[in-house]
Amino acid sequence: MTGYTQILYDVADNIATITINRPEKMNAFTGTMIKEMTDAFDRIDADDDVRAVVVTGAGNRAFCAGADLTPEDGKKPFASAEPVEDYSDPRVRDGGGLLILRIYQCLKPVIGAINGVAVGVGATMLLPMDMRLASENARFGFVFARRGIAPDGAASWFLPNLVGRAQALEWCLTGRVFNAQEAINGGLVRSLHKPADLLPAAYALAREIVDNTAPVSIAVTRQMLWQLPAAAHPMEAHKVDSRIIYNRAKSADAKEGIASFLEKRSPDYPDKVSSDLPDSFPWWEEPVYK
């Protein structure tokens, strides 16, 4: 896909930036946006020059103000209105969830720079991101119950895992919009910044990853930390990390990691995500929607 109309995509100094770009509608979420952002994450995973991702919103009012409630194509805002014979029909699938699962599957670290309002899918979109930084002016809301629907984007899995069940229940059951201080107190975001300092802080965090870590190690570590806490027993994690460490210990990256440390210099890791992932990765079978 080329010629994005609702996002901006840029790569500089090994960092990709995705900017949700509908500032005139507070970056409200659309079907076009799902396709464009999914395509951008496909490009990110395929590009070895991209080592980290920053996602933000255009303008100074909103990161993403949730689903566009008055879509220009005249369709229903939350889900397809087309009749289906059973719920396994792909038309039933939650569109926001399609994007959010794609972010979850990303092989590069994803940093959210929340520059303004993030409600509805604009809030659930943040959950599979690895680190979330917010402007002091940001506001958040899991407002689904106030719109007569239910949380989207697999938030019922992500949100309790991130902030705990009690906090997730309060935010989702009240549906209230809350400020950035409550977001940091509740564990949704890691840090607050003045608006002008938000993107520099996000890029500094991305730069720390890019300059110091091995891309293949980051790809496998990201999935280990997202997936294995839900395993039934720590033995499952032990099996996965044993096999990955056994493979990575023989890699050119491990040789370079040791040499650069002993020589007190910056590392130059040679292995690539596109070609050098461990043969035990992925260790899981991706579930199928049915």
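Quick caveat: nothing in here was measured; it's all calculated off a predicted structure. (Residues numbered from 1 in each chain as written. Predicted model: local features only at pLDDT ≥ 70, side-chain atom pairs only at ≥ 80, totals over all residues. Heavy atoms only, no water.)

Details of the overall build of the protein
Looking only at helices and strands, the protein features 10 helices and 10 strands. Taking 19 Å as the expected radius of gyration for a compact globule of 290 residues, we find that the protein reaches 20 Å, a close match to that expectation. Reported as C-alpha extents along the three principal axes, the dimensions of the protein are approximately 60 × 45 × 40 Å. Counting over 290 residues, the protein shows a buried share of 45%. A sequence separation of at least 24 residues applies to 71% of the contacts in the protein between residues at least 6 apart. Total accessible area computed for the protein in this model is approximately 14900 Å², and 54% of it derives from carbon and sulfur atoms. (Helix = DSSP H or I, 4+ residues; strand = E, 2+ residues; numbered from the N terminus. Rg over C-alpha atoms; globule rule 2.2 N^0.38 Å. Buried < 20%, exposed > 50% of the residue type's maximum accessible area, 1.4 Å probe, protein only. Contact = heavy atoms within 4.5 Å. Areas by Shrake-Rupley, 256 points an atom, 1.4 Å probe, with all protein chains shown as cover.)

Quick look at the layout of surface pockets
As a volume, the second largest pocket reaches approximately 560 Å³. Considering the residues around the second largest pocket, the lining is formed by 19 residues, among which Arg-93, Leu-101, Gln-105, Glu-286 and Pro-287 are closest to the centre. Secondary structure elements with two or more residues in the lining of the second largest pocket: α2 (95-104), α4 (155-163) and α8 (215-227). Ranked by the residues each element gives to the lining of the second largest pocket, the list is headed by α2, at 5 residues. Of the residues that constitute the lining of the second largest pocket, the class distribution is 10 nonpolar, 4 polar and 5 charged. (1 Å grid on protein atoms, 1.4 Å probe; cavity = no way out; pocket = protein on both sides within 12 Å on 5 of 7 lines; lining within 4 Å. Points joined across faces, edges and corners; volume = space filled by probe spheres on them. Nonpolar A, V, L, I, M, F, W, Y, C, P; charged D, E, K, R; others polar.)

What about the sheet that holds strand β7 (residues 131-135)?
One open sheet holds the 6 strands; their spatial order is β1-β2-β3-β5-β7-β10, and the pairing between them is mixed. Strands with a single pairing partner mark the edges of an open sheet, and in this sheet they are β1 (7-12) and β10 (191-193). Adjacent strand axes in the sheet meet at a mean angle of 20°, parallel and antiparallel pairs treated alike. Relative to β10, β7 runs parallel, the two sharing 3 bridges. Residue pairing across strands places Leu-133 opposite Ser-191, the latter belonging to β10. (Pairing = 2+ DSSP bridges. Axes fitted to C-alpha atoms, helices over the stretch in contact; angles between N-to-C directions.)

Observations regarding the environment of Phe-158
Inspection of the secondary structure assignment puts Phe-158 in helix α4. Take Phe-158: its relative accessible area is 2%, and that puts it in the buried class. Residues Phe-158 and Pro-128, 30 residues apart in the sequence, show an inter-C-alpha distance of 7.1 Å. Apart from the residues lying within four places of it in its own chain, the contact partners of Phe-158 are Ile-100, Tyr-104, Leu-127, Pro-128, Gly-153 and Trp-226.

Topic: the pairing of β1
As defined by bridge partners, β1 adjoins strand β2 (residues 15-20) across 6 bridges and the pair is classed as antiparallel. Pairing of Asp-10 across the sheet is with Thr-17, part of β2. Between β1 and β2, which pair antiparallel in sequence order, lie 2 residues; one of them, Asp-13, sits at a positive phi of approximately 55°.

Points about α8
Across its 13 residues, α8 extends 19 Å between first and last C-alpha, which sits within 8% of the 18 Å expected from 1.5 Å per residue. The buried fraction of α8 amounts to 10 of the 13 residues, a majority that puts the element mostly inside the structure. The complete set of buried residues in α8 reads Pro-215, Val-216, Ile-218, Ala-219, Val-220, Arg-222, Gln-223, Met-224, Trp-226 and Gln-227. On its buried face, α8 is in contact with α2, β5 (110-114), α4, α7 (195-212), α9 (234-248) and α10 (252-262). (Expected span 1.5 Å × (residues − 1).)

Notes on unusual backbone geometry
Put simply, Phe-281 and Pro-282 share a cis peptide bond, and its omega is 0°. Assignment of secondary structure puts Pro-282 in the segment after α10. Here the phi dihedral of Asn-27 falls at roughly 55°; this positive angle occurs in a residue that is not glycine. By the secondary structure assignment, Asn-27 is in the loop between β2 and α1 (31-46). Backbone geometry at Ala-154 places phi at a positive 55°, although glycine is not the residue there. Note on placement: Ala-154 falls in the loop between β8 (139-141) and α4. The exposure class assigned to Ala-154 is partly exposed, which follows from its relative accessible area of 35%.

In short, the description is geometric, and any link to function would need to be established separately.
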